[in-house]
Amino acid sequence: MKTLLEFEKPIAELEDKLIEMRKLALDNNVDVTATVASLTEKILELKKETFSNLTRWQRVQLSRHPDRPYTFDYIEHLCDEFIELHGDRSVKDDKAMVGGFGSIDGELSVMFIGQQKGRNTKDRQYRNFGMPNPEGYRKALRLMKIAEKFNKPIVCLIDTPGAFPGIDAEERNQSEAIGHNLYTQAELKVPIISTIIGEGGSGGALAIAMGDMVLMLQYATYSVISPEGCASILWKTAEKAPEAAEQLALTAQRLKALGLIDKIVSEPVGGAHRDPEGIANSLKRSLADSLRQFQGVSLKDLLARRHERLMSYGKFKDTTNP
């Protein structure tokens, strides 16, 4: 059974009517071609109107949609062949962080790294709801170093509420693991393409999101803190999350304007969950184009551009006190 967000329900009602109409016509051998065409056009118009006027909180809900494609869904479509790699060689294999070698169109061999959420309750618990522990980030770091060793570009797919905030995670030094990843990515000698495919939450997302090029799906979100977390700090209640979302620069359009991402990958009308194959094809083209831009770029230029990119984040000016 598909999950419907509140603002999707009017669209779903019309779609149900369309299905009933087609079934009725089939059962009774009645020609309803004109009516079906009219209702189909009405549904498309309602979709366009609804999804062109989403609030930031509605975009947050859409980025978390349980039917939205996850990392393995994209890898399955993107790769002709994929070999998953496991473990951080220290603690355990974190199931929330996944990765391995794969090939795109049989030509581009890359290291894929990403967070994986679960589809049902059992799978979500197994994947820890897509929230990695320190060993997950150390696993990602190990895979990055393997990619560097074999001179293969890295593709990161980001979809996480954030790093796991448990006591055990803090005891195993969660912040150090994230910081070490950022430090290492800044100096990696291979291209890094990062894509926010769903929910990009806090440092847990940033830990594998630093790249030479950052893509973002149209209805994904990317923020230093979740709206609920922000609301809990500012208003002492998570119920103010919709208000917090409106104040956070977490949408693809806003982040593109701020220069924090490079490209927005358009989603099918209604969101990625309505056409998983369509969005996978769009992402595949964007990744292939992005990877080809780094072919032939010297290591010196690659690292110089990355350093320049990182140093360009943020705006400031010097002032002199009178």
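Here the residue index of a chain counts from 1 through its sequence in written order. For a predicted model such as this one, the threshold for reporting local features is a pLDDT of at least 70, and the threshold for listing and counting side-chain atom pairs is 80 or more; totals across whole chains, interfaces and linings nevertheless cover every residue. Side-chain metrics in this entry use all non-hydrogen atoms of the structure; hydrogen atoms and water are not considered.

## Details of the overall build of the protein chain
Inference 1: When helices and strands are counted, the protein chain shows 14 helices and eight strands.
Inference 2: Just to be clear, the radius of gyration here is over C-alpha atoms, and the globule rule we use is 2.2 Å times residues to the power 0.38. In terms of C-alpha radius of gyration, the protein chain reaches 22 Å, essentially the compact-globule figure of 20 Å for 322 residues.
Inference 3: Taken across its 322 residues, the protein chain has 47% of its residues classed as buried.
Inference 4: A sequence separation of at least 24 residues applies to 72% of the contacts in the protein chain between residues at least 6 apart.
Inference 5: Working definition of accessibility: Shrake-Rupley area with a 1.4 Å probe, residue cover restricted to the visible protein chains. Counting only carbon and sulfur atoms, one obtains 53% of the accessible surface of the protein chain, whose full area is about 16700 Å². Here a strand is any run of E in DSSP of at least two residues, a helix any run of H or I of at least four, and the numbering for each starts at the N terminus. Each residue is assigned to one of three classes by its accessible area relative to the maximum for its type, calculated with a 1.4 Å probe on protein chains only: buried under 20%, partly exposed between the two thresholds, exposed over 50%. In what follows, a contact means two residues having at least one pair of non-hydrogen atoms within 4.5 Å.

## Here's the deal with the nonpolar core
Soluble globular proteins tend to bury their nonpolar side chains together.
Inference 1: For the purposes of this section, nonpolar cores are sets of buried Ala, Val, Leu, Ile, Met, Phe, Trp, Tyr and Cys residues that join through side-chain atoms within 4.5 Å. Ranked by internal contacts, the top residues of the largest apolar core, which has 55 residues, are Tyr 74, Phe 112, Ile 113 and Ile 154.
Inference 2: Residues Leu 18, Leu 39, Leu 54 and Leu 62 belong to the second largest nonpolar core, which totals 12 residues.

## Some details on the packing of helix α4 (residues 71-78) against helix α13 (residues 276-292)
Inference 1: Axes here mean lines fitted to C-alpha atoms, for a helix over just the part in contact, with angles spanning 0 to 180 degrees between N-to-C directions. Contact geometry of α4 with α13 gives a least axis separation of 10 Å together with a crossing angle of 70°. Between α4 and α13, the crossing angle belongs to the class labelled roughly perpendicular. Our pair here, α4 against α13, has a crossing hand that is right-handed. Here Tyr 74, His 77 and Leu 78 of α4 come into contact with α13, specifically with Glu 277, Ile 279, Ala 280, Asn 281, Leu 283, Lys 284 and Leu 287.
Inference 2: Amino acid classes used here: Ala, Val, Leu, Ile, Met, Phe, Trp, Tyr, Cys and Pro are nonpolar; Asp, Glu, Lys and Arg are charged; the rest, including Gly, are polar. Residue composition of the contact of α4 with α13, by class: six nonpolar, two polar and two charged. Should an angle fall under 35 degrees it is taken as roughly parallel, and over 145 as roughly antiparallel, whereas 65 to 115 is taken as roughly perpendicular and any remaining angle as oblique. Should the near helix be turned anticlockwise from the far one by less than a right angle, the crossing is termed left-handed; should it be turned clockwise, right-handed.

## Digging into the side chain of Asp 88
Inference 1: The residue Asp 88 is located in the loop between β1 (79-84) and β2 (97-104) in this model.
Inference 2: Charge counting treats Lys and Arg as positive and Asp and Glu as negative, with His and both chain ends excluded. We define a salt bridge as a side-chain nitrogen of Lys or Arg found within 4 Å of a carboxyl oxygen belonging to Asp or Glu. Although Asp 88 is buried, it forms no salt bridge, and the closest oppositely charged side chain is Arg 138 at an N-O distance of 5.6 Å.
Inference 3: Two N or O atoms count as a polar contact when they lie within 3.5 Å, although within protein this holds only if one can serve as hydrogen donor and the other as acceptor, and sequence-adjacent residues are included solely when both atoms are side-chain atoms. A distance of 2.8 Å separates a polar atom in the side chain of Asp 88 from the backbone nitrogen of Val 91.
Inference 4: Among the polar contacts made by the side chain of Asp 88, one reaches the main-chain amide nitrogen of Lys 92 at a distance of 3.2 Å.
Inference 5: Among all residues touching Asp 88, those that are not within four sequence positions of it are Glu 135, Arg 138, Lys 139 and Arg 142.

## Quick notes on helix α1 (residues 9-28)
Inference 1: When the terminal C-alpha atoms of α1 are compared, their 28 Å separation across 20 residues agrees well with the 28 Å that a helix rising 1.5 Å per residue should span.
Inference 2: For α1, the set of buried residues is Ile 11, Ala 12, Leu 14, Leu 18 and Ala 25. Down the axis of α1, the smallest arc covering the buried residues is 165°, so these residues share one side. Of the exposed residues in α1, the ones pointing more than 90 degrees away from its buried face are Glu 13, Ile 19, Glu 20, Lys 23, Leu 24 and Asp 27.
Inference 3: Of the surrounding elements, those touching the buried residues of α1 are α2 (33-51). By definition here, a helix of n residues has an expected span of 1.5 Å times n minus one. Here, the arc refers to the directions that run from the helix axis to the C-beta atoms.

## Here we look at the packing of aromatic side chains
Inference 1: Note on aromatic contacts: the rings of Phe and Tyr and the six-membered ring of Trp form a pair at centre separations within 6.5 Å, being stacked when their planes are under 30 degrees apart, edge-to-face when over 60 apart, and tilted otherwise. All told, the structure shown has four aromatic pairs when counted by the stated rule.
Inference 2: With a centroid separation of 5.9 Å and an interplanar angle of 75°, the aromatic rings of Phe 7 and Phe 51 are classed as edge-to-face. Placement of Phe 7 in the segment before α1 and of Phe 51 in helix α2 is noted, with a sequence separation of 44 residues between them. Here the two residues Phe 7 and Phe 51 agree in accessibility, since each one is buried.
Inference 3: Ring centres of Phe 72 and Phe 82 lie 6.3 Å apart, and the angle between their planes is 70°; on these two criteria the pair is classed as edge-to-face. Taken as a pair, Phe 72 in helix α4 and Phe 82 in strand β1 lie far apart in primary sequence, 10 residues in all.
Inference 4: These aromatic residues form a ring-pair network of at least three members: Phe 7, Phe 51 and Tyr 219.

## A short note on the environment of Lys 95
Inference 1: In this structure, Lys 95 sits in the loop between β1 and β2.
Inference 2: Its relative accessible area of 25% is what places Lys 95 among the partly exposed residues.
Inference 3: In the structure, Lys 95 is positioned 114 residues away from Ala 209 in sequence and 18 Å away in space, judged by C-alpha atoms.
Inference 4: Ignoring anything within four residues of it in the chain, the contact list for Lys 95 reads His 86, Gln 116, Tyr 126 and Arg 127.
Inference 5: Reaching out from Lys 95, the side chain makes a polar contact with the side chain of Asp 93 at a distance of 2.8 Å.
Inference 6: At 3.5 Å, the side chain of Lys 95 and the side chain of Tyr 126 are in polar contact.

## Here we look at the pairing of strand β5 (residues 192-201)
Inference 1: For β5, a buried count of 10 out of 10 residues is recorded, marking the element as mostly surrounded by other parts of the structure.
Inference 2: One ladder, built from six bridges, connects strand β4 (residues 154-160) with β5; its direction is parallel. The residue of β5 that forms the bridge with Val 155 is Ile 193.
Inference 3: Relative to strand β6 (residues 213-217), β5 is paired through four bridges, and the arrangement is parallel. Pairing of Ile 196 across the sheet is with Met 216, part of β6.
Inference 4: Bridge count between β5 and strand β7 (residues 221-223): three bridges; the pairing is parallel. Looking at β7, one finds that Gly 201 is bridged to Ser 223. The pairing criterion for strands is at least two bridges between them, as found by DSSP.

Remember, this is a structural readout, not a statement about activity or role.
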